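Examination of the molecular architecture
Here's the letter readout for the chains.
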Amino acid sequence: VALLRPVDILVDMMAGIGPFAVPAAKRGVRVFANDLNPASFEWLEHNVRLNRVERLATSSCEDARVFLRRLCAPRTMDGGAAEGAGASELLVARRKAGDGRVHVAMNLPASALEFLDVFSGLFREGAWHGELPTVHCYCFSKAKDGAAIDDARARAAAVLGVSLDGRSEVHVVRDVAPSKLMLCA
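Please read all numbers here as calculations on a predicted model, not as lab measurements.

Considerations on helix α2 (residues 38–50)
- With 13 residues, α2 ought to run about 18 Å at 1.5 Å a step, and its terminal C-alpha atoms sit 18 Å apart, in line with that.
- Listed in full, the buried residues belonging to α2 are Ser 40, Phe 41, Leu 44, Asn 47 and Val 48. Viewed end-on, α2 has its buried residues packed into an arc of 125°, placing them on one side of the element. In α2, those exposed residues whose orientation departs by more than 90 degrees from the buried face are Pro 38, Glu 42, Trp 43 and Leu 50.
- At the exit of α2 stands Arg 52, carrying a positive phi of roughly 55°.

Structure representation (structure tokens):
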């Protein structure tokens, strides 16, 4: 959250009750938050209201892949050339916010890597303008001997079907158990 500026956009694909989404919105960041769990979604909406960030935070309760594809799909407008016709909801929000960076958070460490496949072809040329989004994908690793960073990068690359060498940063977030680290790739 500390990396985000008010001109940035946060897409929180697995928002839970809002530990990233709500503080980001309180910083003035435009947030699109999603969680598939209906109970988590209800608490997410409660926390958005409680913190009075409804103007900046939009909540959804759908599959993470469906959520991101919907945000990136070209909008169709009835009645002609309304602002943003043909552009995605995410691209329109980015322009309104001041063309900041788009950050995508995937904070479900046990399975977030499996959802990286949604990015394949999603931000293709002509449909997206500007810098590609920065993806923050949280995962666990039990790799030994300091190999956790390489393990996380290799597993992310395998899902995406591309090499991430020199094109990604991975860091340790914290120890969660003996021989188990949480990382952000």
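The discussion continues.
Regarding the side chain of His 103
- Residue position: His 103 is located in strand β4 (residues 102–106).
- Here His 103 is in contact with Leu 4, Asp 8, Ile 9, Leu 10, Val 11, Thr 134 and His 136, once residues within four sequence places are set aside.

Observations regarding unusual backbone geometry
- Phi is positive for Arg 52, which is not a glycine, with a value near 55°.
- Position of Arg 52 among the secondary structure elements: in the loop between α2 and β3 (57–60).
- For Arg 52, a relative accessible area of 74% corresponds to the exposed category.
- A positive phi is found at Ser 179, a non-glycine position, where the angle reads about 65°.

Thresholds, definitions, all that
- Residues numbered from 1 in each chain as written.
- Predicted model: local features only at pLDDT ≥ 70, side-chain atom pairs only at ≥ 80, totals over all residues.
- Heavy atoms only, no water.
- Helix = DSSP H or I, 4+ residues; strand = E, 2+ residues; numbered from the N terminus.
- Expected span 1.5 Å × (residues − 1).
- Buried < 20%, exposed > 50% of the residue type's maximum accessible area, 1.4 Å probe, protein only.
- Arc of directions from axis to C-beta.
- Contact = heavy atoms within 4.5 Å.

These results come straight from atomic positions and should not be treated as a statement about function.
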